[in-house]
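Summary of structural features
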Amino acid sequence: MATNVDVLELVANAANADTCPFVLSQATHPVESDALAALGRAILLTNAIVTAQSPGLDVGAEHPHVSPSGPASSLQGSLLINHDAIARWFVILAATLTKDGWSGVLLPQKWADRPDERPHAEPWIAVTLALAGWNHDAHQVVVPIWHARPNIVPQLVDLVFEWTRGVDGELWITRLVPVRGEEPQVAEALLARLSERDGRGFCTVHRQGTAAERRARFSSYGHLTLEERSSAPLEQRLASLRSAWAGWAPQVDRSATTGDVGPAHPSWFLELARRNVKLPKSYYPHRRRLDDQRVPDACAEQVLTQAHLDAANNLGGWRVEEVAVGRFLVAHPQPSRWFLPASPGERGTRVDPETLAQARQDFGSMVMTEGDL
């Protein structure tokens, strides 16, 4: 029995961030034993061996945790050492596990195996685009842009893959159940989904890597949400979102950039609920006539129309930039105040209350009221 190690993949993963999450997959032992405890002991011994061989080397792994693929941990400080030292650490760990009677494979850990409650789990950041182009019949039922303008569907498919190609990893498409595939097959499935006249387009495409993950979600209400979680700096992540939607600004009636809302996924609707902003249940499917004039609430960055700006109290403290004819990016000067770490015992990002209160005052009558609805 032996513990193998995928050195090349682990080293490549460590090169992308200052931590390298890994998992002992297919873990087996000749007698009843605790794999989590065994990995913990092996990590401590490996750290001691590496420190003895290279005094002053600041590297080690966190206490292991349970994951669906097996006991898992994360190598810390990998940016401080070279690739050979990273490889040596994992080789020593594998040898230590083998000596203790364990077998398995040390692999990079996928985001899906990383519990959201881990203190260092990266938050999601998302932008939800309310795409123009729907039409209202006598009942004001929303028709998504991919149904109102079928010729735009191939461009939407291109947008999804331009966004998801920004990370390395496995590609999935989800309608009711997730299916992994190569890009041509997933593109064909997405094209067919958005072209269904009775399906309204609800689906998700995501690419899952060990260092980052990106998703594109289509709602039945004409929303397209682009999502990312990674260890990149906030400004870099916001810039990536801006770059992704930039070409679509002329098609947007309103957009909202928000953070993580908890263990599932980011959602503008869930974010509003967390802020105690209550929209009628019929608003999204039936009553979106206000999208190009009002917003449900303020957020870090939004693409708005001139009608929105005309309703504002004072946007002097915001960055306002015309990004397309009649479309304006309205960005807060301190975006980090909108993506604060979770409160103790809670999940997801949170917004600084004073920042939100001031933003609502700045937006004034741009923010929807019960009278508007």
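In this text, all values refer to a predicted model and were calculated from it rather than measured experimentally.

So, on to the pattern of salt bridges. All chains considered together, the criterion is met by 18 salt bridges. With a shortest N-O distance of 2.9 Å, Arg275 and Glu271 are connected by a salt bridge. Here Arg275 matches Glu271 in class, with each residue buried. Ionic contacts of the salt-bridge type, sharing partners, join the residues Glu271, Arg275, Asp297 and Arg360 into one network.

Following both chains from N to C, one finds helix 2 (residues 35-53) and helix 3 (residues 83-99) inclined at 130°, their axes separated by 9 Å at the closest point. The orientation of helix 2 with respect to helix 3, classified from their angle, is oblique. Between helix 2 and helix 3 the crossing geometry is right-handed. Residues Ala38, Leu39, Ala42, Ile43, Leu45, Thr46, Asn47, Ile49, Val50 and Gln53 of helix 2 touch helix 3, and the partners they reach there are Arg88, Trp89, Ile92, Leu93, Thr96 and Leu97. The residue makeup of the contact of helix 2 with helix 3, split by class, is 11 nonpolar, 4 polar and 1 charged.

Along the chain, Ser230 falls in strand 12 (residues 223-230). Note on Ser230: relative accessible area 6%, which makes it buried. Polar side-chain contacts of Ser230 include one of 3.2 Å to the backbone nitrogen of Ala232.

Bringing the packing of aromatic side chains into the picture now. Taken as a whole and judged by the stated rule, the model has 6 aromatic pairs. Between Trp89 and Phe90, the aromatic rings sit 5.1 Å apart at their centres with planes inclined by 85°, giving edge-to-face as the arrangement. We classify Trp89 as buried; its relative accessible area is 0%. For Phe90, a relative accessible area of 1% gives the class buried. With centroids separated by 5.0 Å and ring planes inclined at 50°, the aromatic side chains of Trp318 and Phe363 adopt a geometry described as tilted. Residue Trp318 is found in the loop between helix 10 (306-311) and strand 15 (319-324), and its partner Phe363 is found in helix 11 (residues 353-363); the two are separated by 45 residues along the sequence. For Trp318, a relative accessible area of 7% gives the class buried. The ring centre of Trp163 lies 3.9 Å from the NZ or CZ of Arg214, which sits over that ring. The positively charged end of Arg215 is found above the aromatic ring belonging to Trp124, 3.9 Å away from the centroid.

Now for the pairing of strand 13 (residues 252-259). Across the 8 residues of strand 13, 8 count as buried, placing the element largely inside the fold. Direction of pairing for strand 7 (residues 125-131) relative to strand 13: antiparallel, over a ladder of 7 bridges. The residue bridging Leu129 from the neighbouring strand is Ser255, located in strand 13.

Turning to empty space enclosed by the protein, a few remarks are in order. Under the criterion given, the structure shown has 1 cavity of 30 Å³ or more. Its volume calculated, the largest cavity comes out at about 60 Å³. Elements with a minimum of two residues in the lining of the largest cavity: strand 13 and helix 8 (268-274). Counting residues per element, the lining of the largest cavity draws most heavily on strand 13, at 3 residues. Considering only residue class, the lining of the largest cavity consists of 5 nonpolar, 4 polar and 4 charged.

We now examine the nonpolar core. One finds Leu131, Leu156, Leu190, Phe218, Trp338 and Phe363 to be the most contacted residues of the largest nonpolar core, which totals 56 residues. If you tally residues by element for this core, the top one is helix 5 (residues 153-164), at 7 residues. Sequence-distant contacts of Leu156, defined by excluding residues within four places in its chain, comprise Leu131, Ile145, Trp146, Leu194, Phe218, Leu224 and Trp248. In terms of nonpolar packing, the next biggest core, distinct from the first, is built from 23 residues, Cys20, Ile43, Leu75 and Trp102 among them.

Moving on, we come to the packing of helix 5 against helix 6 (residues 183-195). Running from N to C, helix 5 and helix 6 point in directions that differ by 140°, and their axes come no closer than 10 Å. With respect to helix 6, the axis of helix 5 lies oblique. Here helix 5 runs over helix 6; the crossing is right-handed. Residue-level contacts link Val153, Pro154, Leu156, Val157, Val160 and Phe161 of helix 5 to Glu183, Val186, Ala187, Leu190, Leu191, Leu194 and Ser195 of helix 6.

Cut-offs and rules
- Residues numbered from 1 in each chain as written.
- Predicted model: local features only at pLDDT ≥ 70, side-chain atom pairs only at ≥ 80, totals over all residues.
- Heavy atoms only, no water.
- Salt bridge = Lys/Arg side-chain N within 4 Å of Asp/Glu carboxyl O.
- Buried < 20%, exposed > 50% of the residue type's maximum accessible area, 1.4 Å probe, protein only.
- Axes fitted to C-alpha atoms, helices over the stretch in contact; angles between N-to-C directions.
- Helix = DSSP H or I, 4+ residues; strand = E, 2+ residues; numbered from the N terminus.
- Parallel < 35°, antiparallel > 145°, perpendicular 65-115°, else oblique.
- Left-handed = near helix turned anticlockwise from the far one by under 90°.
- Contact = heavy atoms within 4.5 Å.
- Nonpolar A, V, L, I, M, F, W, Y, C, P; charged D, E, K, R; others polar.
- Polar contact = N/O pair within 3.5 Å; in protein donor to acceptor, adjacent residues only side chain to side chain.
- Phe/Tyr/Trp six-rings, centres within 6.5 Å; stacked < 30°, edge-to-face > 60°.
- Lys NZ or Arg CZ within 6 Å of the ring centre and 35° of its normal.
- Pairing = 2+ DSSP bridges.
- 1 Å grid on protein atoms, 1.4 Å probe; cavity = no way out; pocket = protein on both sides within 12 Å on 5 of 7 lines; lining within 4 Å.
- Points joined across faces, edges and corners; volume = space filled by probe spheres on them.
- Core = buried A, V, L, I, M, F, W, Y, C linked by side-chain atoms within 4.5 Å.

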